[in-house]
Amino acid sequence: MLRGLDALVFDFDGLLMDTESTLLECWRAEWRHHGLRLDETRFFADHGGDVTEQRYAELAAAVGPGYDRATSHARRVAYRDALHAGLGLAPGIRDWLDQAGGLGLRLAVASSSPRSWVEDHLARTGDLDRFTAAAYGDEVAGHKPDPAVYLLALHRLGVAPDRAAAFEDTPHGVAAARAAGLRCVAIPNRYADPSRFAAADLFLRAAVDAPLAKVLSALA
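For clarity, every value in this text was computed on a predicted model and none was experimentally measured.

(A) Quick peek at the pattern of salt bridges. Inspection of the entire model under this criterion finds 20 salt bridges. One salt bridge in this structure joins R42 and D39, with 3.1 Å as the shortest N-O distance. Look at R42 and you get exposed, because its relative accessible area is 52%. Residue classification places D39 among the partly exposed positions, given a relative accessible area of 33%. Of the charged contacts in the structure, one is a salt bridge between R156 and E139, with a shortest N-O distance of 2.9 Å. Within this pair, whereas R156 is found in helix 6 (residues 148-157), its partner E139 is found in the loop between strand 3 (133-135) and helix 6, the two being separated by 17 residues in sequence. A residue is classified by how much of its surface remains accessible, and R156, at 38% relative accessible area, is partly exposed. Taking relative accessible area as the criterion, E139 reaches 30% and is therefore assigned partly exposed.

Take a look at the structure:
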């Protein structure tokens, strides 16, 4: 076991798997279907809450009275699911998960997304059983940057905050991990501003940049 750590806690969307890109692309496509262009500058929320209905409301307002929400939703989800069919773990993540086992570290997920979303993806790639604990957005009242989901993950692990490290891809995710008392490694997703991660204990461009043991040693 690596000195000072018992467990690693991973965010899901944008960190373990690049579902941020597929989410953006399916919404782009739906706006294009109506001859419109999505305003991508406001697409990603600065919190972990669900903004799906807000996105549909904005599209409905842009399309006008002829907008059919049910048909739009079915078309978007079908395209999203097609994109997800070949989506795997982010580059370098599988190696890190393998290396964690060799270091004697337990793994957990702390995601603002609902259980079904995360577990379906991880089951599809054959990685769900790697994680001994998890906490999800549909189990807590507050969403990142609120630390609730991290606190729940730690409780289920039975690990104190100072014995775990978190991995996040957004500033509000880093804020949530730090508020829960964890050290945090930031690996920004492609849509996050790298200048906003000053609160992270360590900043990496990608998981492929270093082996896990080296990353965790830098946190000590």
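Now, onward.
(B) Structural view of the layout of surface pockets. The calculated volume of the largest pocket comes to roughly 1,000 Å³. Lining the largest pocket are 42 residues; nearest its centre among them are E20, L23, F44, G49 and R55. Listed by contribution, the elements that provide at least two residues to the lining of the largest pocket are helix 1 (19-33), helix 2 (52-63), helix 3 (69-84) and helix 7 (171-179). Here the lining of the largest pocket takes five residues from helix 1, the largest share from any one element. Of the residues in the lining of the largest pocket, the class split is twelve nonpolar, 15 polar and 15 charged. Space inside the second largest pocket adds up to approximately 270 Å³. Of the residues in the lining of the second largest pocket, the class split is nine nonpolar, three polar and three charged.

(C) Expanded view of helix 1. Taking 1.5 Å of rise per residue, the 15 residues of helix 1 would be expected to cover 21 Å, and the 21 Å separating its terminal C-alpha atoms lies within 8% of that figure. The buried fraction of helix 1 is high, at eleven of 15 residues. Along helix 1, the residues that are buried comprise T19, E20, S21, T22, L24, E25, C26, W27, A29, E30 and W31. For helix 1, the elements touching its buried residues are helix 2, helix 3 and helix 5 (115-124). One or two residues past the end of helix 1 sits G35, with phi positive at roughly 75 degrees.

(D) How the structure looks around the side chain of D13. Along the chain, the position of D13 falls in the loop between strand 1 (7-10) and helix 1. Here T19 takes part through its side chain, which lies 2.4 Å from a polar atom of the side chain of D13. Within polar-contact distance, the side chain of D13 engages the side chain of W117 at 2.8 Å. Those residues in contact with D13 that lie beyond four places of it in its chain are T19, E20, S111, S113, W117 and D169.

Cut-offs and rules
- Residues numbered from 1 in each chain as written.
- Predicted model: local features only at pLDDT ≥ 70, side-chain atom pairs only at ≥ 80, totals over all residues.
- Heavy atoms only, no water.
- Salt bridge = Lys/Arg side-chain N within 4 Å of Asp/Glu carboxyl O.
- Buried < 20%, exposed > 50% of the residue type's maximum accessible area, 1.4 Å probe, protein only.
- Helix = DSSP H or I, 4+ residues; strand = E, 2+ residues; numbered from the N terminus.
- 1 Å grid on protein atoms, 1.4 Å probe; cavity = no way out; pocket = protein on both sides within 12 Å on 5 of 7 lines; lining within 4 Å.
- Points joined across faces, edges and corners; volume = space filled by probe spheres on them.
- Nonpolar A, V, L, I, M, F, W, Y, C, P; charged D, E, K, R; others polar.
- Expected span 1.5 Å × (residues − 1).
- Contact = heavy atoms within 4.5 Å.
- Polar contact = N/O pair within 3.5 Å; in protein donor to acceptor, adjacent residues only side chain to side chain.

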